[in-house]
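Commentary on secondary and tertiary structure
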Amino acid sequence: MEMGWMHSWRQRQVLVFFVLLSMSGASAELGPYSVVEETERGSFVTNLGKDLGLGLTEMFTRAARIISQGSKEHLQLKVQTGDLLINEKLDREELCGQTEPCLLYFQVLMEKPLEIFQAELRVKDINDHSPVFTEREMILKIPENSLPGISFPLSNALDLDVGSNNVQNYKISPNSHFRVLTRNRNDGRKYPELVLDKELDREEEQEISLTLTALDGGSPPRYGTVQVHIEVIDSNDNAPEFEQSLYKVHIPENSPVGSLVVTVSASDVDSGVYGKISYTFFQPSEDISKTLEVNPMTGEIRLRKQVDFETVLSYEVDIKATDGGGLSGKCTLLLQIVDVNDNPPEVTISALTSPIPENSPETMVAVFSVSDPDSGDNGKTISSIQDDLPFLLKPSVKNFYSLVTRRALDREERAEYNITITVTDMGTPRLKTQHNITVLVSDVNDNAPAFTQASYTLRVRENNSPALHIGTVSATDTDAGANAQVTYSLLPPADPHVPLASLVSINADNGHLFALRSLDYEALRAFEFRVGACGRGGAARAGRCSVPEGPFPGHLVDVSGTGTLSHSYQYQVCLSGGTGTSEFKFLKPTIPNLESQSTGREIEENPSFRNSFGI
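About the criteria used
Residues numbered from 1 in each chain as written. Predicted model: local features only at pLDDT ≥ 70, side-chain atom pairs only at ≥ 80, totals over all residues. Heavy atoms only, no water. Helix = DSSP H or I, 4+ residues; strand = E, 2+ residues; numbered from the N terminus. Buried < 20%, exposed > 50% of the residue type's maximum accessible area, 1.4 Å probe, protein only. Lys, Arg positive; Asp, Glu negative; His and termini not counted. Salt bridge = Lys/Arg side-chain N within 4 Å of Asp/Glu carboxyl O. Polar contact = N/O pair within 3.5 Å; in protein donor to acceptor, adjacent residues only side chain to side chain. Contact = heavy atoms within 4.5 Å. Pairing = 2+ DSSP bridges. Axes fitted to C-alpha atoms, helices over the stretch in contact; angles between N-to-C directions. Phe/Tyr/Trp six-rings, centres within 6.5 Å; stacked < 30°, edge-to-face > 60°.

- Looking at an unreviewed UniProt entry, the protein carries the name Protocadherin beta-16-like, with the source organism given as Camelus bactrianus.

Okay, structure coming up:
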């Protein structure tokens, strides 16, 4: 494990190739689950704890939650029990329209440790809609000499339900001339076709009114009706006929508005007004009417608005050619949209942790998903981050990734990271999306204070005035905030007979040293005071510097950050005569294993420590 981690850590290039379609069969999947539409809020779907093989409290302790696609939260998870419940009534028609099956995708995210499961919920249809005809009345003009067996397509009814709950059959009211057949379109919809069984005689009957009924497959079936009004007209021997019964056309989705889709053509062997043809769409949907237009004279079909492969893959519409006598023929246009790479990848952040404590082992920073609605190579993506950062991208289930630290972070080395997640698709031209996140590193009290010099030399004349400032010591702490605030104090002397507390004092805030009384070289020639520097945060937040108890060796001075880390120095103060001057001398410390924090030389007469005598 350690060798694998080190190998991964050494890699400079952080690129993750992820193919959305190839992972659709990922093993970390749940379900599928199903629920009937209009089920009451709070209804039980499944127990995810049992499905995942988890104990009763693991869903709670692992911080499990549901991530839904889209803006609505259709499901809710009771982490105390593991039950997955309906959060609101689901309307299958509102969610999916005519798409069947109606699937809602969601993920189960467990953060401790990180684990993601892909799941889907199928919303089953109920028969809650009746067939509806969009026209209040259908009008047909049929020549009196029409031969029995001729058929006339009628407008189909619409039903928002799907499958067997959609329109399944059409019936016509009893009459002596017509029957109705139920036909299937290529898209699965059923439409009625009126068939002439007995020849018409205008002189006998000029108009015929029938009732057309559409029935769905529910139990009991729902139905809708419309009136069919037939006008019997004088002879127009021939109806228009199209050159093709089906026009199949492909156009790229970036075709501009006004582009020619196809030109349909029909002919009528009749002459005069009966041979003049006009073209119209036959019962176009609202979407067709907004997208396509047909020239009634030429049969040219053009785009009214730009099409989008990611929204609609194909369009199907019937075109009717009608002559001057009212006879008509029809053909079908099947327009298929060709995908182009016009959508950049999208990055969605699901979870983000910031700040991250320094010195932590591998830590999850963020969880995000990548999506690209394009198809084929246009929808395949590559995800990466900068290769000079101590972070790593790890692919998770399906289109999810986790951003983790490669190693423990050091705030003193770097306190903030700006990470750019770059996602590029494989289309032509390649499109990319960048998402920036900022990760802060929070401070841990892991550094003890250190004096700025290894040794100090101060000089003081004997018979000095009391409260004389004799010098300053200084220590710094590379931690931040309260962890970096330093307090100075005098530690007990090695010689308990030396009245150190009556000789010198130190300012706890700035390290200034003061002689408390006049010093007499003849009375006291030398003595030893250890100086301790402490961090006010962490373990020392109560304002007390924690140092080892018991007698201190004479060569130690304590420098403590949190009361648990220390560097030790030795100082000796002596008074000497013979030259008419006295000096207060800090001898060079002996610091085992701390050569990197000491220059190893004694600093004599540092200007920053000159006393009020100017010596």
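From this point, the discussion proceeds with the structure in view.
1. Topic: the side chain of Asp374
- Summarising the element assignment, Asp374 is placed in the loop between β27 (364-371) and β28 (381-384).
- Buried Asp374, no salt bridge; nearest opposite-charge side chain is Arg430, N-O distance 12 Å.
- A distance of 3.0 Å separates the side chain of Asp374 from the side chain of Asn343, its partner in a polar contact.
- With residues up to four places along the chain from it excluded, the contact list for Asp374 reads Glu253, Glu310, Asp339, Val340, Asn341, Asp342, Asn343 and Gly379.

2. With respect to the pattern of salt bridges
- In total, this model carries 20 salt bridges according to the counting rule given.
- We note a salt bridge from Glu100 to Arg122, for which the minimum N-O separation is 2.9 Å. Placement of the pair is Glu100 in the loop between α4 (92-96) and β7 (102-111) and Arg122 in strand β8 (residues 114-124), with a sequence separation of 22 residues.
- For Arg122, a relative accessible area of 34% translates into the label partly exposed.
- Asp287 is paired through a salt bridge with Lys305; the nearest N and O atoms lie 3.8 Å apart. Of this pair, Asp287 sits in helix α5 (residues 286-291) while Lys305 sits in the loop between β22 (300-303) and β23 (314-323), and the two are 18 residues apart along the sequence.
- Residue classification places Asp287 among the partly exposed residues on the basis of a relative accessible area of 29%.
- One network of salt bridges, with partners in common, ties together Arg92, Glu93, Glu100, Arg122 and Asp125.

3. Some words on the sheet that holds strand β4 (residues 64-68)
- In spatial order, the strands read β2-β8-β7-β4; together these 4 strands make up an open sheet with mixed pairing. Each edge of the open sheet carries a strand with a single partner, namely β2 (29-36) and β4. Pairwise comparison of adjacent strand axes, ignoring direction, gives a mean angle of 30° for this sheet.
- Examined bridge by bridge, β7 and β8 share 10 bridges and lie antiparallel to one another. In the sheet register, Cys102 faces β8, and the bridge partner there is Val123.

4. Points about unusual backbone geometry
- The peptide bond linking Glu100 to Pro101 adopts the cis configuration, its omega dihedral lying at 5°.
- Counting through the fold element by element, Pro101 comes out in the loop between α4 and β7.
- Omega for the bond connecting Lys112 with Pro113 falls within 30 degrees of zero, at -10°, which places this linkage in the cis form.
- Structurally, the position occupied by Pro113 is in the loop between β7 and β8.
- Phi angles above zero are rare outside glycine, and Ala63 is one such case at about 55°.
- As for its position among the elements, Ala63 is in the loop between α3 (58-61) and β4.
- Phi angles above zero are rare outside glycine, and Lys398 is one such case at about 50°.
- Following the sequence through the fold, Lys398 ends up in the loop between β29 (391-395) and β30 (400-405).
- Note on Lys398: relative accessible area 23%, which makes it partly exposed.

5. Brief notes about the pairing of β4
- Judged by how many residues are buried, β4 sits mostly within the fold: 4 of 5 residues are covered.
- The pairing of β4 with β7 spans 5 bridges and is classified as antiparallel. Paired with Ser68 across the bridge in β7 is Phe106.

6. Section: the packing of aromatic side chains
- Tallying each qualifying case throughout the model produces 4 aromatic pairs.
- Seen in terms of ring centroids, Phe133 and Tyr170 are 6.4 Å apart; in terms of plane orientation they differ by 55°. Their pairing is tilted. Taken as a pair, Phe133 in the loop between β8 and β9 (137-143) and Tyr170 in strand β11 (residues 167-172) lie far apart in primary sequence, 37 residues in all.
- Residue classification places Phe133 among the buried positions, given a relative accessible area of 8%.
- Ring plane angle 55° and centroid distance 6.1 Å describe the contact between Phe242 and Tyr279, whose orientation is recorded as tilted.

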